[in-house]
Each structure stands twice: as structure tokens, then as C-alpha cells.
Amino acid sequence: MMLFGCGSVAQVTTSRNTKGEYLSINLGFALGATFGVYISKGVSGAHLNPAVSLSLCLLGRHPWIRLPFYIVSQFLGAFLAAATVHLQYSDAIVSFGGQEVSGPNGTAGIFATYPADYLSLGAGVLDQVIGTAALLVCVLAIGDRRNTPAPAGLEPVLVGAIVLVIGVSMGSNSGYAINPARDLGPRVYTYIAGWGEEVFRAGRCWWWVPVVATPLGAVVGSLLYELLIGAHFPDTETLTEELVMANHHALQLEGKNPDGQIPKPANHYNPQGLLERPS
């Protein structure tokens, strides 16, 4: 996901929008998420996001003991993806303006997110909470077998569509991190690779917002889905009984017993008696 996502940002930025535009970045992250899920779904469940892993643990769908390993792996994956993109675009970055964090020649934004100049920290926290909550509501919906789940095999495509719609509707404030590993891993890489401490000071010390607000948003989104949607499905036992009764009734209407036998007509009247005169 991060290789294609940050790669698309690098191409758009270093070409000064001549080889792509903002929608190119949206598509890069969306398709990157799609193929990331396809690649890892069978092995790890394809969380790709510590905020998602945390929410699934809170919902009892993922073991807590695995959470630290998932978070470290997600962080390391984002870090290595940033290193790969830097290696691929190193000459283009130098030609563009070098290792500047902000300004017209800033390149740190290729790897991590930074807020718009007008955005306050409070509004930025709210922005990330809303974006990540929207992500979790949609992800939980397409994976809920009680609801209208995604067709088998198409779940990754819809996850990519979720990332795309968040990007095109909630991206201008701060770049829609909606994933703490996606932001912190590449930010640490840029700090090590030469951009320096400014990557943590820029945007009024913005770095902590995607780290803290995205898990909070994921919890909010999970609670909203469970309270407003999940809690209103019939429980499994009740649903099973209703299906059994409906099937039983349907078989009776067809003149069959539930065991498949055709019942004999009940002898409620005597056809011959209709020909007899009452005495």
C-alpha cells in the first residue's frame, strides 16, 4: 500500500504536477490498499493499519496477544516502503529541491502527512478522528455477514474504494493519514535519512496527531457501527429458529412434512356421508 501510495506522491510532487495530480495520489493509495489486502489477507487478515487491529481486538475479533506484533510489522512495512520510494526517486528529489521539509520545494510530504497552513491542531485531531471513524464503519460493514457483505473475493476492491472516497472527500486538510503506521513509519525514515528534526516540529509539532487521533477515530467508528447497526441484528439463535419455522411452514404449504413425507388428508368429513340423508 505505502509503496504505491508514497510513490504516487513522489511522482506528482517531483514532476510539479505534470505527471499526475491529486487524484493520482488518491488512486495510488486506493489501489495500493487493494493489492495490499489481496497479498496479505490469507496470511494475516490484511489489517495494514494499527487502528484497525486495535479496533478488532476491542471487538473481540482479534487476539490481544498478537496486537504488538501486528503494530511493529505495520510500522516496519511503512518504514521500508518509504525507504524504497526514496531510493527510487532520490535523483528526482534532489533535482526538485532536496531534503526540505516545507515550502514550495518541500519533499518531506512525499512520505508523511503535514497539515494545511490554516488548520489548527484541534481541527486536525477532529479531521483524523472523523476520517478514521468513517474507515472503520465501512470496513466493518463490508465484512459483517449479518449485513450485506461484500461478495467473496471482492473485499479488497471495496477496501480500496473506501480509501479512495475518504481521500477525495477528506484529504485537503492534512492528507488523510487514517493510519498511525502509515504516517509515523515514513516520518521516522525521513528523520534518519536527512530531513532532520524538522519533520517532528513542522505543522506545530503535527507528528503526534495521526498517531493519537487515528486509533481514537477507529474506536469511535467501531462503537458507532456496533451501536447503530450491529446491535440491531437478531442474534444467531433467534435467526436460526426463525429460518427453521419459515422452512417448516413452507413445507406444510407444499403438502409435505418437514421430513419429506406427504401427509394423508385429515378425515374431517366423510364423503360418502354427504350422500346420506339425515335420519
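Before any of the text, the structure's been laid out above.
Residues numbered from 1 in each chain as written. Predicted model: local features only at pLDDT ≥ 70, side-chain atom pairs only at ≥ 80, totals over all residues. Heavy atoms only, no water.

### Concerning the overall build of the protein
Then comes step 1: Across its full length, the protein carries ten helices and zero strands.
Then comes step 2: Traced from its N-terminal end to its C-terminal end, the protein shows the element sequence α-α-α-α-α-α-α-α-α-α.
Then comes step 3: Counting over 279 residues, the protein shows a buried share of 39%.
Then comes step 4: Working note: accessible area of the protein is about 15,600 Å², and carbon and sulfur atoms make up 65% of it. (Helix = DSSP H or I, 4+ residues; strand = E, 2+ residues; numbered from the N terminus. Buried < 20%, exposed > 50% of the residue type's maximum accessible area, 1.4 Å probe, protein only. Areas by Shrake-Rupley, 256 points an atom, 1.4 Å probe, with all protein chains shown as cover.)

### Quick notes on the layout of surface pockets
Then comes step 1: Reported here for the second largest pocket is a volume of approximately 440 Å³.
Then comes step 2: In this structure, the second largest pocket is lined by 22 residues; those nearest its centre are Ser-40, Leu-48, Ser-73, Gln-74 and Gly-77.
Then comes step 3: Contributions of two or more residues to the lining of the second largest pocket are made by helix H1 (2-14), helix H2 (22-44), helix H4 (67-96) and helix H7 (180-195).
Then comes step 4: Across the lining of the second largest pocket, the residue classes tally to twelve nonpolar, nine polar and one charged. (1 Å grid on protein atoms, 1.4 Å probe; cavity = no way out; pocket = protein on both sides within 12 Å on 5 of 7 lines; lining within 4 Å. Points joined across faces, edges and corners; volume = space filled by probe spheres on them. Nonpolar A, V, L, I, M, F, W, Y, C, P; charged D, E, K, R; others polar.)

### Observations regarding the side chain of Thr-113
Then comes step 1: Here Thr-113 lies in the loop between H4 and helix H5 (121-142).
Then comes step 2: Note on Thr-113: relative accessible area 5%, which makes it buried.
Then comes step 3: Polar contacts involving the side chain of Thr-113 include one to the side chain of Asp-183, which spans 2.5 Å.
Then comes step 4: In this view, Thr-113 contacts Ser-174, Gly-175, Ala-177, Arg-182, Asp-183, Arg-187, Trp-206 and Pro-210; residues no more than four positions away in its chain are not counted. (Polar contact = N/O pair within 3.5 Å; in protein donor to acceptor, adjacent residues only side chain to side chain. Contact = heavy atoms within 4.5 Å.)

### Here we look at a nonpolar patch on the surface
Then comes step 1: A grouping of Leu-3, Phe-4, Leu-23, Leu-27, Leu-31, Phe-35, Tyr-38, Ile-39, Leu-154, Val-157, Val-165 and Val-168 is seen on the molecular surface, where their side chains present a nonpolar patch of about 1,100 Å² in accessible area.
Then comes step 2: When residues of the nonpolar patch are traced back to their parent elements, those giving at least two are H1, H2 and helix H6 (155-170).
Then comes step 3: A total of six residues in the nonpolar patch trace back to one element, the largest contributor, which is H2.
Then comes step 4: Mapped onto the secondary structure, Leu-154 falls in the loop between H5 and H6.
Then comes step 5: Classification of Leu-154 by relative accessible area gives partly exposed; the value is 41%. (Patch = residues over 30% accessible without salt bridge, like charges linked within 9 Å, V, L, I, M, F, W, Y side chains within 5 Å. Salt bridge = Lys/Arg side-chain N within 4 Å of Asp/Glu carboxyl O.)

### Considerations on the packing of helix H3 (residues 50-58) against H4
Then comes step 1: Where H3 contacts H4, the axes come no closer than 9 Å and their chain directions differ by 170°. Between H3 and H4, the angle is such that the two are roughly antiparallel. Viewed along their axes, H3 and H4 form a crossing whose handedness is right-handed. Two secondary-structure elements touch here, H3 through Pro-50, Ser-53, Leu-54 and Cys-57 and H4 through Leu-67, Tyr-70, Ile-71 and Gln-74.
Then comes step 2: In the contact of H3 with H4, the residues fall into six nonpolar, two polar and no charged. (Axes fitted to C-alpha atoms, helices over the stretch in contact; angles between N-to-C directions. Parallel < 35°, antiparallel > 145°, perpendicular 65-115°, else oblique. Left-handed = near helix turned anticlockwise from the far one by under 90°.)

### Examining the pattern of salt bridges
Then comes step 1: All told, the structure shown has six salt bridges when counted by the stated rule.
Then comes step 2: With a closest N to O distance of 3.5 Å, Glu-198 and Arg-201 form a salt bridge. With Glu-198 and Arg-201 both in helix H8 (residues 198-205) and three residues apart, this pair spans about one turn of that helix.
Then comes step 3: Given a relative accessible area of 31%, Glu-198 falls into the partly exposed group.
Then comes step 4: For Arg-201, a relative accessible area of 46% corresponds to the partly exposed category.
Then comes step 5: Counted as one network, the salt bridges with shared partners bring together Glu-197, Glu-198 and Arg-201.

### Remarks on unusual backbone geometry
Then comes step 1: The backbone phi angle of Leu-48 is positive, close to 60°, even though this residue is not glycine.
Then comes step 2: Take Leu-48: it is sitting in the loop between H2 and H3.
Then comes step 3: Within the chain, Ile-178 stands out as a residue other than glycine whose phi angle is a positive 45°.
Then comes step 4: Along the chain, Ile-178 turns up in the loop between H6 and H7.

### Overview of the packing of aromatic side chains
Then comes step 1: Applying the stated criterion to the full structure yields six aromatic pairs.
Then comes step 2: Relative to Tyr-189, the ring of Phe-79 lies with its centre 5.5 Å away and its plane at 85°, an arrangement referred to as edge-to-face. Taken together, the positions of Phe-79 in helix H4 and Tyr-189 in helix H7 put the pair 110 residues apart, joining distant regions of the chain. By the burial criterion, Phe-79 is buried, and Tyr-189 matches it.
Then comes step 3: The ring of Tyr-114 has Arg-187 lying over it, and the distance from NZ or CZ to the ring centre is 4.7 Å. (Phe/Tyr/Trp six-rings, centres within 6.5 Å; stacked < 30°, edge-to-face > 60°. Lys NZ or Arg CZ within 6 Å of the ring centre and 35° of its normal.)

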